[in-house]
Amino acid sequence: MARILTTRHCARVESAEAFLQAVRSSLIDPMLMHDMPRAVARIRQAIQAQEPILVYGDYDVDGTAATAILVRTLRKLGADPAWFIPSRFTDGYGLHTNIVQAAAEQGVKLLITVDTGITAVEAGEAAKALGVDLIVTDHHHISTVPDAVALVHPAYPRSMYSFHDLCGAGVVFKLAQALLGEFPEDLLDLVALATVADQVPLVGENRVLVKEGLKRLNSEPNLGLEALIAVAGLAEKRVTSTAAAFQLAPRINAVGRLAHAKRAVELFLTEDPQEALSIARELNVYNDRRKALQSQVEAEALAQIEAHPKWLGKKGWWWREAAGTRA
Ligand SMILES: [Mn+2]
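Analysis parameters
Residues numbered from 1 in each chain as written. Predicted model: local features only at pLDDT ≥ 70, side-chain atom pairs only at ≥ 80, totals over all residues. Heavy atoms only, no water. Helix = DSSP H or I, 4+ residues; strand = E, 2+ residues; numbered from the N terminus. Rg over C-alpha atoms; globule rule 2.2 N^0.38 Å. Buried < 20%, exposed > 50% of the residue type's maximum accessible area, 1.4 Å probe, protein only. Contact = heavy atoms within 4.5 Å. Areas by Shrake-Rupley, 256 points an atom, 1.4 Å probe, with all protein chains shown as cover. Pairing = 2+ DSSP bridges. Axes fitted to C-alpha atoms, helices over the stretch in contact; angles between N-to-C directions. Salt bridge = Lys/Arg side-chain N within 4 Å of Asp/Glu carboxyl O. Domains from an automatic or database assignment. Polar contact = N/O pair within 3.5 Å; in protein donor to acceptor, adjacent residues only side chain to side chain. Nonpolar A, V, L, I, M, F, W, Y, C, P; charged D, E, K, R; others polar.

Let us look at the overall build of the protein chain. From N to C terminus, the protein chain includes 14 helices and five strands. Scaling as 2.2 N^0.38, a compact globule of 327 residues should have a C-alpha radius of gyration of about 20 Å, and the protein chain matches this with 22 Å. Overall, the C-alpha framework of the protein chain stretches about 70 × 55 × 45 Å when taken along its three principal axes. Relative to its full complement of 327 residues, the protein chain shows a buried share of 49%. In the protein chain, once contacts between residues fewer than 6 apart in sequence are set aside, the share between residues at least 24 apart is 66%. Put simply, the protein chain shows about 16,200 Å² of open surface, and 53% of that area lies on carbon and sulfur atoms.

Written out as structure tokens, the structure is:
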């Protein structure tokens, strides 16, 4: 056990204990994250003054879960935020100037990004010029950062926050906790799913969020996740981190790849069991289609290789071996 723990960088008794027990009390105060107090103050002000808020996310599991976490939190606090998920095909990844312009035209005063935005320098300039306040919450690599009201990021240089590997939904979960002033029990299912789907290391806070979130996912998940668990054939089974990563997450990603990921956010936000079931079924259909496309592309690729064995060159030994086992 000691050897295994050492290879997991738990060479000290305290860190080994934290890893093995993964208890809530080891979670870090959200207010220690970079710019968290500024973000909380500006969002509270917006809610108070009923300013139009836009939550801007991303089209993968992490980005859609993060969007739903923040929208649910803001609704709980009495706001009615708009939200937007870009299209993989027409908008592409990240926050772009045209989105900021459209938001400004619609009267948005506060734009909050989740799981994206930390490199959106031009969009930040546009926001400033148009009088839209920008709050970025993100976990991606930091290089040149936009000029924003707040840059909430777990790995911001010289910040006091000691755990750097949260996913985008993890960062927003922390923001939710700071805004609500309490631990957001009912958002644990979403943050756990996003954490395993985004493949961040399952150490530190991520371990606690996944451990607690899996309990929630198996006891009282939100209506959308409950429906998704049912259509994935997991209703009678325990939803493990493996099931979340390989059975739930692909269904959410499929809709973003073949149609539009906003359906996933609608699933995560719905309060109507009928709607939950119908969106979950729709996600299932996209997932089946995705699987069919994948095997079709795979078969085409294999046929091409077989037709052109020279493409493999001398390094093709692995292919010939694999072909042998396939035969
Ligand atoms: Mn992410």
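Further notes follow.
Right, let's talk about the sheet that holds strand 4 (residues 133-137) for a bit. In spatial order, the strands read 2-1-3-4-5; together these five strands make up an open sheet with parallel pairing. Lying at the two open borders of the sheet, with one neighbouring strand each, are strand 2 (82-84) and strand 5 (150-152). In this sheet, neighbouring strand axes are inclined to one another by 15° on average, regardless of whether the strands run parallel or antiparallel. Bridging between strand 1 (residues 53-56) and strand 2 involves three bridges; their strand directions are parallel. Note on strand 2: the bridge partner recorded for valine 55 is tryptophan 83.

This part takes up the pattern of salt bridges. Pairs may arise between side chains of opposite charge once their charged atoms sit close together. Under the defined criterion, the tally for this structure stands at 14 salt bridges. Between glutamate 271 and arginine 72 there is a salt bridge; the shortest N-O distance is 3.9 Å. Of this pair, glutamate 271 sits in the loop between helix 12 (262-269) and helix 13 (273-307) while arginine 72 is found in helix 4 (residues 61-76), placing the two residues 199 residues apart along the sequence. Assessed through its relative accessible area of 15%, arginine 72 is described here as buried. Where lysine 215 meets glutamate 212, a salt bridge forms, and the shortest distance between an N and an O atom there is 3.1 Å. Here lysine 215 and its partner glutamate 212 are both found in helix 9 (residues 204-219), three residues apart, which amounts to about one turn of the helix. The partly exposed category is assigned to lysine 215, whose relative accessible area is 45%. The class of glutamate 212 is buried, set by a relative accessible area of 9%. Several salt bridges converge on common partners, so that one network encompasses Arg24, Glu185, Glu212 and Lys215.

For the rest of this paragraph, the subject is the domain arrangement of the protein chain. Domain parsing of the protein chain yields domain 1 (27-195) and domain 2 (221-327). With 19 residues of domain 1 in contact, the opposing surface of domain 2 contributes 21 residues. Here domain 1 and domain 2 share one salt bridge between them. At the junction of domain 1 with domain 2, the criterion picks out four residue pairs in polar contact (both at pLDDT 80 or more). Those elements that provide at least two residues to the side of domain 1 that touches domain 2 are helix 4 and helix 8 (188-197). The biggest single contributor to the side of domain 1 that touches domain 2 is helix 4, with eight residues. Of the residues that constitute the side of domain 1 that touches domain 2, the class distribution is eleven nonpolar, three polar and five charged.

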